[in-house]
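Structure at a glance
Take a look at the letters that make up each chain.
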Amino acid sequence: MATILVVDDEIGIRELLTEILHDEGHIVEIAANAREARDCRLRGAPDLVLLDIWMPDTDGMTLLKEWASQGQLTIPVIMMSGHATINTAVEATKIGALDFLEKPIALQKLLRAIEKGLAQGMRRPEAPSACPKPVSEVQRQAPSSEDAAEADSPIVRMQHISFDIPLRDARDAFERAYFEYHLARQNGSMTRIAEKAGLERTHLYRKLKHLRVGIHKNKNDDKPGRNRAE
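Let us look at the structure shown here. Fair warning: this is a prediction, and the values are worked out from it, not measured in the lab.

**Side note on the overall build of the protein chain**
- For the protein chain, the helix and strand inventory stands at eleven helices and seven strands.
- Evaluated residue by residue, the protein chain yields a buried proportion of 42% over its 230 residues.

**Considering the side chain of Glu24**
- Within the secondary structure layout, Glu24 lies in the loop between α1 (11-23) and β2 (27-31).
- According to the relative accessible area criterion, Glu24 is buried, its value standing at 13%.
- Of note is the side chain of Glu24, whose polar atom sits 3.5 Å from the side chain of Ser189.

**A word on the pattern of salt bridges**
- Counted by the stated rule, this structure contains seven salt bridges.
- We note a salt bridge from Arg192 to Glu24, for which the minimum N-O separation is 3.6 Å. Separated by 168 residues along the polypeptide, Arg192 in helix α10 (residues 190-197) and Glu24 in the loop between α1 and β2 bring together distant segments of the chain.
- By relative accessible area, which is 34% here, Arg192 ends up partly exposed.
- Here Glu66 makes a salt bridge to Arg38, at a shortest N to O gap of 2.7 Å. Residue Glu66 is located in helix α3 (residues 60-69), and its partner Arg38 is located in helix α2 (residues 34-43); the two are separated by 28 residues in the primary sequence.
- With relative accessibility at 19%, the residue Glu66 sits in the buried group.
- Its relative accessible area of 27% is what places Arg38 among the partly exposed residues.
- Among the charged side chains, a network of salt bridges with common partners joins Asp8, Asp52 and Lys103.

**Describing helix α4 (residues 86-95)**
- Here α4 has its buried residues at Thr88, Ala89 and Ala92. Down the axis of α4, the buried set is contained in an arc of 100°. They therefore lie on one face. With respect to the buried face of α4, the exposed residues turned more than 90 degrees away are Ile86, Asn87 and Lys94.
- Packed against the buried residues of α4 are α3, β4 (77-81) and β5 (99-102).
- After α4 finishes, the residue Gly96 shows a positive phi value of roughly 145°.

**Examining the packing of α1 against helix α5 (residues 107-120)**
- As a packed pair, α1 and α5 sit with axes 12 Å apart at the nearest point and diverge in direction by 65°. Considering only the axes of α1 and α5, their crossing is right-handed. Across from Leu17, Ile20 and Leu21 in α1, the residues of α5 making contact are Leu107, Leu110, Leu111 and Ile114.

**What about the sheet that holds β4?**
- An order of β2-β1-β3-β4-β5 is seen for the five strands of this open sheet, with the pairing classed as parallel. Strands with a single pairing partner mark the edges of an open sheet, and in this sheet they are β2 and β5. Each strand axis lies, on average, 20° off the axis of its neighbour in the sheet, ignoring direction.
- Pairing between strand β3 (residues 48-52) and β4: four bridges, direction parallel. Paired with Leu50 across the strands is Ile78, a residue of β4.
- Sitting on the sheet, α2 is in contact with β1 (3-7) and β2, with an inclination near 140° to β2.

**Notes on the nonpolar core**
- Judged by nonpolar contacts, the single largest core of 23 residues is most densely connected at Val7, Val49, Leu51, Leu64, Val77 and Met79.
- When residues of this core are traced back to their parent elements, those giving at least two are β1, α2, β3, α3, β4 and α4.
- No other element matches the four residues that α3 contributes to this core.
- Counting residues in each nonpolar core, the second largest holds 21 residues, with Ile4, Ile13, Met80 and Ala113 among its members.

**Remarks on the environment of Met1**
- Along the chain, Met1 falls in the segment before β1.
- Accessibility expressed as a relative area gives 78% for Met1, which makes it exposed.
- For the pair formed by Met1 and Asp47, sequence separation is 46 residues and the distance between their alpha carbons is 9.7 Å.
- Those residues within four positions of Met1 in sequence are excluded, and the remaining contacts are Gly25, His26 and Ile27.

The rules behind the values
Residues numbered from 1 in each chain as written. Predicted model: local features only at pLDDT ≥ 70, side-chain atom pairs only at ≥ 80, totals over all residues. Heavy atoms only, no water. Helix = DSSP H or I, 4+ residues; strand = E, 2+ residues; numbered from the N terminus. Buried < 20%, exposed > 50% of the residue type's maximum accessible area, 1.4 Å probe, protein only. Polar contact = N/O pair within 3.5 Å; in protein donor to acceptor, adjacent residues only side chain to side chain. Salt bridge = Lys/Arg side-chain N within 4 Å of Asp/Glu carboxyl O. Arc of directions from axis to C-beta. Contact = heavy atoms within 4.5 Å. Axes fitted to C-alpha atoms, helices over the stretch in contact; angles between N-to-C directions. Left-handed = near helix turned anticlockwise from the far one by under 90°. Pairing = 2+ DSSP bridges. Core = buried A, V, L, I, M, F, W, Y, C linked by side-chain atoms within 4.5 Å.

If you want it as structure tokens, here you go:
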């Protein structure tokens, strides 16, 4: 989980990116202009910034130069624009931007850029605990997600599906256990589950609703056509 600052003057882009990033398990802060972005930056450095170039008052390039000149460009910044030229993209990377995404932004390209940025970015050190616990105790209290997934109840239910029920009911029971297992294992990420199951996201949402499988992090994420951030 990372904290990502989205800076864009278009409310639709802010809402869409917020929805996508929440789906991926991140904390999202939003800013509609450079002033709000500065305020967010002063409150605490996020792990990554998605910064639009064309904004009223102060544009993204000016804000990027400002952060660079003040020594505040210590976190990965990904620029976004639907109107910028190649020269603008080159200039942004020379100033210090990690990447440049052209709108409309393909979902997979966005996620890859964010993954790359978080991997290469400078992470803020976590505040030390007043009474740190021994490693052995922490390990006992926090089992790995893989162990938790293997012990999850869908596996047990899958092994006990009756062969005496109609085929449709047996198939639904299997698929319900299958998706509940992967929801737990993939931390509710619709993107990773869709890739794992070989389904389009829209088809996946319809199937989960048919099976009455709860989507914990994405209860409002059943809108079709969310493959691109436009």
